[in-house]
Each structure stands twice: as structure tokens, then as C-alpha cells.
Amino acid sequence: MLDFLKAAASYLRPYWRQAFLIVLSQAPATAFITLQPLLLRALLDDAILPNDATLAALLIAAMVGLLLLHALGDLANHYLVARVVASVMSDLRLRIFTHLQRLSVSFYARSRAGDLLARFTTDLEGIERALADEVPQAIYCILTVLAGAALLVVIEWRLALVLLVLLPALPILPRRLAPRAAAASDERQHAAARVLASMHENIAAQLVVRAFGLQGLMRSRFAQDLAGMSRATGQAGLQSGLLTASMTASGYALLAFAMGSATVLALRGALTVGSVIAVFELLWFMISAVQQLSSVVEPFQRAASGLRRVQQLLDQKPEVAERPGAVALPPLSGAIRFASVDFAFPGGETVLKNVDLTLPARRTVAIVGQSGSGKSTLLALLLRFHDPTRGTVTFDGHDLAQASLASLALQVGAVFQESFLFDASIAENIRLGRPEAGDAEVEAAARGAGIHEFLSGLPLGYRAPAGEAGARLSGGQRQRIALARALLRRPAVLVLDEATSALDSETEAGIVATLKDLHGQQTIVSVTHRLATARDADLIVVMSEGRVAEQGTHESLLAAKGVYARLWSQQSGFVISASGHHAAIEPRRLAAIPLFSLLAPDLLARLAACFTTMEVPTGRTLFEEDERGDMLYVIVRGRVGVARRGPAGAELHVSVLEDGDFFGEIALLEEVRRTATVRALTPCLLLVLDRGEFRDLLAQAPELRKVFEGAAQARLTALCDESAFLPGPLPL
Ligand SMILES: Nc1ncnc2c1ncn2[C@@H]1O[C@H](COP(=O)(O)OP(=O)(O)OP(=O)(O)O)[C@@H](O)[C@H]1O
Ligand SMILES: [Mg+2]
């Protein structure tokens, strides 16, 4: 609680004049309360008993005068408190906001948005209420007790002396109880933040909740959080009740003792009737002041806990910070270089290992590799979202770690896998790329990103609000608006992370063409798992398990017959219709699936014709673990996640499959239950082969049956030997 008062004093320092006026404005109220017993004593002893009507009238007039002053003081007090508290809270909110802007990407990765919001709402509101209501009340009570004590000295000094001697004993018990009450209050604030975080997460995750039918699970988790909060609130109430009771009881004990002493003095004739009444009244005022003081304990505890949580946030150090004397980066002209770079997330394993890489300026570089190979992390280091754990990333020889963050941001434009639109018009969203750009430039950028036609067709055109329209925009349209934003910036370095992977093939081709037009003007670093879009890059970097496995041009990498060549053959061999809604598999690509590897070319051609196209939106479950399976799936475009139920029933993520991967082939061999659940992580274009259809083909071609059964037997034997769940071609 003392911490809170200290912090409150430091927040109030810039407003010390007004704060002084606030204390001053409380003086009339205190004066009224404490002088009243004196006036009463004078009225009784000096006016009523001696029958002095003039003095009585004067004393009554003085009381009325004091009352008026009291009312004026109250008015000034309310106004001043409201103004000062509003200023202090604005300062604090701005300080937190500014601090949050400086914190690093990894801080956000490990924080729950709802918890951060709770610090901004529940915690700050507690502080605000304490400053606006409880602090003035506490000041008033303390002033009353002090003024009352001073008057007691005037009325009966012996009594006052005894009270003063006993006063230091008052806080002994409350002090012992205070730490527990503070801890309980902290726990309540955390619990309240957890509830808010769950609520926030649930709103953000509505699509997933619906798609996976998780409403029941989410409700029971939320109920658990609520039960936790109820428990914590009960505990905090009990502890602060104990603290309040101990304060009140100590205060009462002291005052009861004083009343007893005053009665003894009166019985001995040492006090006049007027003095006894004055002392009693004074003591009652002091008792009620102590009582009021204890009623602010609980709100103070709450505010102190809130303040500790806010302070925790303010104490977070940004992991990526601008060094003192950081220099501005000149526009990139030579190359971006990664030299012996290692990187690990705080407390995690090393995800980038000894990366040496040169990305030449004004060239197009594609970074490819399987999911989890470190592609996005490499970009994050280039954008200086993190600093390398070892080695350096340099722009024309300037170490990024020594450069000013603003000068780096000026040079780069980025489009991420998920694009965020702000609550403003679409034009304003694009214009964020370069706030001074004119309408014609915004339109040109939108054309470049292939979204102009669509935007012109909207009733409000570019002025359509992204918030409202955002809900109606498809993922691809949002992505193209984000791309327009990045293009408008005309950055020296354009960074794209799977920017086109969720788009249909036609739109993707349009954007790839736009990027081709920029060739030679800008440095483009594009992460993609789709090799067809990487093919024309000046340099292709193949990442594998955090290392640069290979690099070169498409031709040189194919000739090297390494990881890239393997990925290429996996992803090629599909034909997608112009509309992007139909796909076919080439017979030679089928031969790469182990089950079919022994089939003759004519049989492969007949088999290829049996595949049908299936389009699946994000979040759709293709099949569940334990379900009976009857289809083989091949991913033409898109990504699916594979999950299995763990021992405790919780789903464990197993792997991600993407373009060119196939799964579920075991269902063609025999009727078995699926060994995992598979869901679409992006919109997927799939080719499926139904067991019934496959069996029909087998019946028509006995020679196929023979070859296939041989291969199937071999495959099943191999599967039985595979003790663990294998990535790649999955025995699902
Ligand atoms: N915030 C994080 N904290 C800890 N580990 C992380 C974090 N983000 C990513 N990783 C890990 O770092 C590794 C590389 O991840 P990264 O996102 O760079 O892969 P990627 O190649 O971009 O994959 P994808 O194609 O799926 O986007 C992964 O093993 C991942 O689990
Ligand atoms: Mg990634």
C-alpha cells in the first residue's frame, strides 16, 4: 500500500501545485468537523448556561459560516481532483502505450493480448478510482485525526498525551496482516486478467471455435477461469476484511480507552459538561475518520496490485533496442549479408544455425524450404524483429544491431502470411505504406497488387471502411490490400512471407507478374514453400532444419539433384485449370507415390484419370482420428495440419503437409481406421482417389491388381516396421 502511495506521489509530482490546492480545499471540511465540538462547548458553557443570547447568535453564525466554507471547499476539491486524476491517468496510459510500441516481437509472441488489455483496463481503473476517491478520502481522514488530536491537546492535554503515547501501537496488528492481504489481492487481479484474456482469445478465435465445434470446451475452460476468479475474490475479501477489522478494532480500542479516561476526569470534576461533550464529539469524529480510513484499505490494495502489474509491464526491457549512438542506415545499394548467424528464441532451441548468406541489392531472392525450416525466422532477423544470438546481419556492411530502427523501417515494406487491416477506409489502409502518397499513387499500387478492379466495384470504392468491409473481404483480397500497402512504400527492400500462398493460382500468377515488373528496381526477398513462384528468382535459398542447405538458380539447383530437386519433383506434375478450381495429376507424378511406383505407364494414365478435385476451406476437417478411411489425398495447393490425440486426450500437433504431399494411402489397401486427424490450414486444392473407384479399376485390369497387391504387401510390411509416426508420405 505504501508502494502505491509512493508511486501515486511520483505521478502527482508534475501537478504538485494542483495537488497542494487539493489538500488546501479539504481544510474547510476538516475545520468544520473539528471546530464544531469547540463551538458546541462554547455554546453550552459560555452562552446557554450563562444565558448570553448575543454570544449564542454569534456562535451559530460562525457555524453557518463554516458550513458555507465547507461546501465551497468540497466543490473546489471535486473539480481539482477530477482534473488532476484525468491528467495523471492520461500520462500513465500514454506511457504504457509508448512502452508497448517499443517492446519486441518476442514479447508479443509470449504475451496474451487479453492480459495486456486487463492491465490497461481493470488495473488502471483500480488505480484511477483509488486516486479519485480513496486518496482524497484518506487525506481528509488523516487531516481530521491530526486536527482532532491537536484540539484534544487544547481541551484536555493529559488525555491527549496518553493517546499520543498509545498511538504507535495502533498499526502493529494491521502490519502483520497486510502482506497476506496484498498477496490475495494480487492473485485476484491475475485471476481477473485471466478471465479477460480468455474472453479476448475466444472472440479472436471464433472461426476456429465454430469450425472445430469447440464451444463446449471453451465454455468449460471459461467457467474454470471464472471459478478461479471467484475463489481469489473470496480470499481477497477475507484477507482485506481481516486487515480492515484489525485497523478498526485497534482504533476503537484506543478511543474507548480515551472515552473511559474522559469520563473518569469528568466524574472527578476536572472537566466541565461542555468539555465532556466536546471531547466525546471530537472522539466520535475521530472514530468515524478511522473507520473511513479502514474502508479505503481494500480499494487501495486493489490499486496497489494493479500498479504492480502495470509496473511489471513498464519494467519489461525491449529485447531489440536501439543502441545509444545508433546510426541511420543509408539506402541499400550493395547487399544484405548474414554472417555466421545463429538464432534461438528466448529459452528455446537454436532455430537458425550458422547461416551465411548474401542477398544482392535489386535482385529477387526466394527463400524456400519445408514448414518449420526457419524461413520466417530468417526474415524476422532481416526486419530486426530479433537480434541474432551469434553473428551479424548487415546492410551494405552496416550491422543492423547498431543501426537506428526508424532508418531500417523506412527502407523495408513487408507483407506477411496474415495481413492486418486497420479500422479505417481501404484507401487509408493502403496509404499507411506512405502517408504522403496521393490518390493516383494509391490507385497505382492497388493496380499493381491486382485489387483495383475489385475496389472500384465496391459501392464506396476505395473509401469503403476496412473494418466493416474487412469482414466481407476474402483472405486473398485482404492479402492484396496488404501488398498494395507495401508496394506504395516503394521500399528498397520488399519482404514477402508466403504472401501469395493462400491465393488462387490465377491471382497468384498476377502478383508474381507484378513482382517481376519490379525486378531490378527493388530488392525482393520472398519466402514461399511453392517452388513454382520461386523458379524465376535470381537466387533461391533452400532452408532445411535451420540451415542453408543449398543456394543457386533454379537450373543449378535442379542440376545439383539435392533437396531443391527433390522438392521440385514433389511439387511438379500437376495441371491446374485456368479457373483454378480443377486439377489433374500427371501419370509420371503418380509413379512417385510408393504404392504406384511399379505400375506401367498405361496403367498410371488410367489411374490418373480416376482422381477427382476437391476444394477445402481453411479450418475444415478432412478426417478424424479413428474414422474409417476410404480415400487417398494428394495436396495440389495448400497446407494441412496433422494431429493425434495424446495420452491425456489432448490433441498433439504432429506435422504440416503442403503442396505435393499425399496422405491416407493406407485406406486404398484395406479398410482401416485413420491414425490421425487432418485439417486444412489454408484453402486447399486437393486430388482425391476413392477406394471404390480404385477397386473398380482393379477389377477391370487384373494385371494392375497383381502388381498393386505386390506393392501393397511390401508397403504394409514397411508400415508395420515403422514404429513411430513418420513425416512425409504418411501412413494415415
Ligand atoms: N515465437 C517462437 N518461439 C519459439 N520457437 C519458435 C517461435 N516461432 C517459431 N519457432 C520455431 O522456429 C522454427 C522455425 O520457424 P519458422 O516460423 O521460421 O519456420 P518457417 O520455415 O517459416 O515455417 P512455415 O513454412 O510453416 O511458415 C520452428 O521450429 C518453430 O517451431
Ligand atoms: Mg513461416
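Residues numbered from 1 in each chain as written. Chains lettered and ligands numbered in written order. Predicted model: local features only at pLDDT ≥ 70, side-chain atom pairs only at ≥ 80, totals over all residues. Heavy atoms only, no water.

> I'm lost on the overall build of the protein chain in this one. Help?
Along the protein chain, the regular secondary structure elements total 27 helices and 20 strands. Taking the principal axes of the C-alpha coordinates as reference, the protein chain spans close to 130 × 60 × 55 Å. Counting every position in the protein chain, which comprises 732 residues, the buried fraction comes to 47%. Taking the intrachain contacts of the protein chain between residues at least 6 apart in sequence as the baseline, contacts between residues at least 24 apart amount to 77%. As displayed, the protein chain has an accessible area near 35400 Å², and 61% of this comes from carbon and sulfur atoms. (Helix = DSSP H or I, 4+ residues; strand = E, 2+ residues; numbered from the N terminus. Buried < 20%, exposed > 50% of the residue type's maximum accessible area, 1.4 Å probe, protein only. Contact = heavy atoms within 4.5 Å. Areas by Shrake-Rupley, 256 points an atom, 1.4 Å probe, with all protein chains shown as cover.)

> Mind showing me how you'd approach the site of ligand 1 here?
Around ligand 1, the structure places Phe345, Val351, Gln370, Ser371, Gly372, Ser373, Gly374, Lys375, Ser376, Thr377 and Arg639. Gly374 is positioned such that a nitrogen or oxygen atom in its backbone is 3.0 Å from an oxygen atom of ligand 1. Within the side chain of Ser376, a nitrogen or oxygen atom sits 2.7 Å from an oxygen atom of ligand 1. Within the complex, 61% of the 630 Å² of free accessible area of ligand 1 lies under protein. Ranked by residue count, the leading element in the shell around ligand 1 is helix H12 (residues 375-382), at three residues. When its residues are assigned to classes, the shell around ligand 1 shows two nonpolar, seven polar and two charged. (Near = heavy atom within 4 Å. Polar contact = N/O pair within 3.5 Å; in protein donor to acceptor, adjacent residues only side chain to side chain. Nonpolar A, V, L, I, M, F, W, Y, C, P; charged D, E, K, R; others polar.)

> Honestly, the pairing of strand E20 (residues 684-690) in this entry has me stumped. Any pointers?
Within a regular strand, the side chains alternate between the two sheet faces. The element E20 is extensively covered by neighbouring structure, given that six of its seven residues are classed as buried. Inspection of the sheet shows strand E13 (residues 612-616) paired to E20 by five bridges, in the antiparallel sense. Looking at the pairing, Met614 lines up with Leu686 of E20. Where strand E15 (residues 631-637) meets E20, six bridges bridge the pair, whose relative direction is antiparallel. The residue bridging Tyr633 from the neighbouring strand is Val688, located in E20. (Pairing = 2+ DSSP bridges.)

> It is not clear to me how the sheet that holds strand E6 (residues 412-415) should be interpreted in this structure. Could you clarify?
The strands making up a sheet associate through backbone hydrogen bonding, with each pair oriented either parallel or antiparallel. With mixed pairing, the six strands of this open sheet are ordered in space as E6-E7-E8-E3-E9-E10. The open sheet has two free edges, formed respectively by E6 and strand E10 (547-552), since each of these has just one partner strand. If you compare each strand with its neighbour and ignore which way they point, the axes differ by 15° on average. As judged from the five bridges shared by strand E7 (residues 493-497) and strand E8 (residues 523-527), these two strands associate in the parallel manner. Within E8, the residue paired with Val493 across the bridge is Thr523. Against the sheet, H12 touches strand E3 (364-369), E7, E8 and strand E9 (539-544), its axis set at about 150° to E7. (Axes fitted to C-alpha atoms, helices over the stretch in contact; angles between N-to-C directions.)

> What is the right way to look at the packing of helix H5 (residues 113-155) against helix H11 (residues 297-315) in this model?
Think of two packed helices as two axes; the pair is described by the angle between the axes and how far apart they sit. Look at H5 against H11: their axes get within 8 Å of each other, and the N-to-C directions meet at 135°. Taken together, H5 and H11 sit at an angle that is classed as oblique. Considering the relative orientation of H5 and H11, their crossing is left-handed. On H11, the residues touching Asp115, Leu116, Ala118, Arg119, Asp123, Leu124, Gly126, Ile127, Ala130, Glu134, Val135 and Ala138 of H5 are Pro299, Phe300, Ala303, Gly306, Leu307, Arg309, Val310, Gln312 and Leu313. Looking at the contact of H5 with H11, its residues break down into 13 nonpolar, three polar and five charged. (Parallel < 35°, antiparallel > 145°, perpendicular 65-115°, else oblique. Left-handed = near helix turned anticlockwise from the far one by under 90°.)

> Got a minute to help me understand the packing of aromatic side chains in this structure?
Both the distance between ring centres and the angle between the ring planes are used here to describe each pair of aromatic rings. Scanning all chains against the criterion turns up ten aromatic pairs. Through pairs of rings, three or more aromatic residues link up here, namely Phe623, Tyr633 and Phe663. In this structure, Arg674 packs its charged tip against the face of Phe623, placed 4.0 Å from the ring centre. (Phe/Tyr/Trp six-rings, centres within 6.5 Å; stacked < 30°, edge-to-face > 60°. Lys NZ or Arg CZ within 6 Å of the ring centre and 35° of its normal.)

> Even after reading the chapter, I still don't get the sheet that holds strand E17 (residues 651-658), so can you show me in this structure?
Strand order in this open sheet of four strands is E14-E19-E16-E17, and the pairing throughout is antiparallel. Both outer strands of the open sheet, strand E14 (621-623) and E17, are each paired with one neighbouring strand and no more. Across this sheet, the average inter-strand angle for adjacent strands is 30°, counted without regard to direction. By the bridge criterion, four bridges tie strand E16 (residues 639-645) to strand E19 (residues 677-680) in an arrangement that is antiparallel. Across the sheet, residue Val642 finds its bridge partner in E19, namely Val678.

> Please explain H12 as it appears in this structure.
Since one α-helical turn is 3.6 residues long, residues separated by three or four positions face the same way. The buried count for H12 comes to seven of eight residues, which makes it a mostly enclosed element. Buried within H12 we find Lys375, Thr377, Leu378, Leu379, Ala380, Leu381 and Leu382. A positive backbone phi angle near 55° is found at Arg384, which sits one or two residues after H12.

> Even after reading the chapter, I still don't get the nonpolar core, so can you show me in this structure?
Where a protein is soluble and globular, its nonpolar side chains tend to be buried together. Of all hydrophobic cores here, the largest spans 32 residues; its most connected members are Ile426, Ile430, Leu455, Leu494 and Leu496. For this core, the secondary-structure elements that each account for two or more residues are helix H14 (426-431), helix H15 (439-448), helix H18 (475-488), E7 and helix H19 (505-517). Looking at which element gives the most residues to this core, the answer is H18, with seven residues. Those residues in contact with Leu455 that lie beyond four places of it in its chain are Ile426, Ile430, Ala446, Gly461 and Tyr462. (Core = buried A, V, L, I, M, F, W, Y, C linked by side-chain atoms within 4.5 Å.)

> For this particular structure, what's the right way to read the confidence of the model for the protein chain?
In low-pLDDT regions, the fine details of the predicted coordinates are not to be read closely. When pLDDT is averaged across the protein chain, the result is 86; 96% of the residues are at 70 or more. Overall, residues 722-731 carries pLDDT values under 50, and its contacts beyond four positions in sequence, including any with other chains, amount to 24 contacts. (pLDDT = per-residue confidence, 0-100.)

> Please clarify how the side chain of Gln301 should be interpreted in this entry.
Looking at the secondary structure, you find Gln301 in helix H11. Using a relative accessible area of 4% as the deciding quantity, one classes Gln301 as buried. Ignoring anything within four residues of it in the chain, the contact list for Gln301 reads Ala178, Ala181, Ala182, Ser185 and Leu243.

> So what exactly am I meant to see when it comes to the domain arrangement of the protein chain here?
Frequently, the measure chosen for interface size is the accessible area that the parts lose on association. Domain boundaries in the protein chain define domain 1 (2-315), domain 2 (335-570) and domain 3 (578-721). Between the C-alpha centres of domain 1 and domain 3 there is a distance of 69 Å. (Domains from an automatic or database assignment.)

> Would you mind showing me how to read the environment of Ala650 here?
Relative to the assigned elements, Ala650 resides in the loop between E16 and E17. Accessibility expressed as a relative area gives 43% for Ala650, which makes it partly exposed. When the C-alpha atoms of Ala650 and Ala303 are compared, they prove to be 38 Å apart, with 347 residues separating the residues in sequence. Those residues in contact with Ala650 that lie beyond four places of it in its chain are Arg644 and Arg645.

> I keep staring at unusual backbone geometry and nothing clicks. Help me out?
Where the residue is not glycine, phi is negative for most of them; where a peptide bond is considered, it is trans in most cases. Phi is positive for Asn51, close to 60°, though the residue is something other than glycine. By secondary structure assignment, the location of Asn51 is in the loop between helix H2 (16-48) and helix H3 (53-102). A relative accessible area of 69% means that Asn51 is categorised as exposed. At Arg384, a position not held by glycine, the phi torsion is positive, near 55°.

> Is there a simple way to think about the pattern of salt bridges in this case?
Scanning all chains against the criterion turns up 26 salt bridges. For Arg434, the salt bridge identified is with Glu441, shortest N-O distance 3.2 Å. A residue is classified by how much of its surface remains accessible, and Arg434, at 14% relative accessible area, is buried. Its salt-bridge partner being Arg637, residue Glu508 comes within 3.0 Å of it at the nearest N-O pair. Of this pair, Glu508 sits in helix H19 while Arg637 sits in strand E15; the two residues are 129 residues apart in sequence, bridging distant segments of the chain. A single salt-bridge network, built from bridges that share partners, covers Asp115, Arg119, Asp123 and Arg309. (Salt bridge = Lys/Arg side-chain N within 4 Å of Asp/Glu carboxyl O.)

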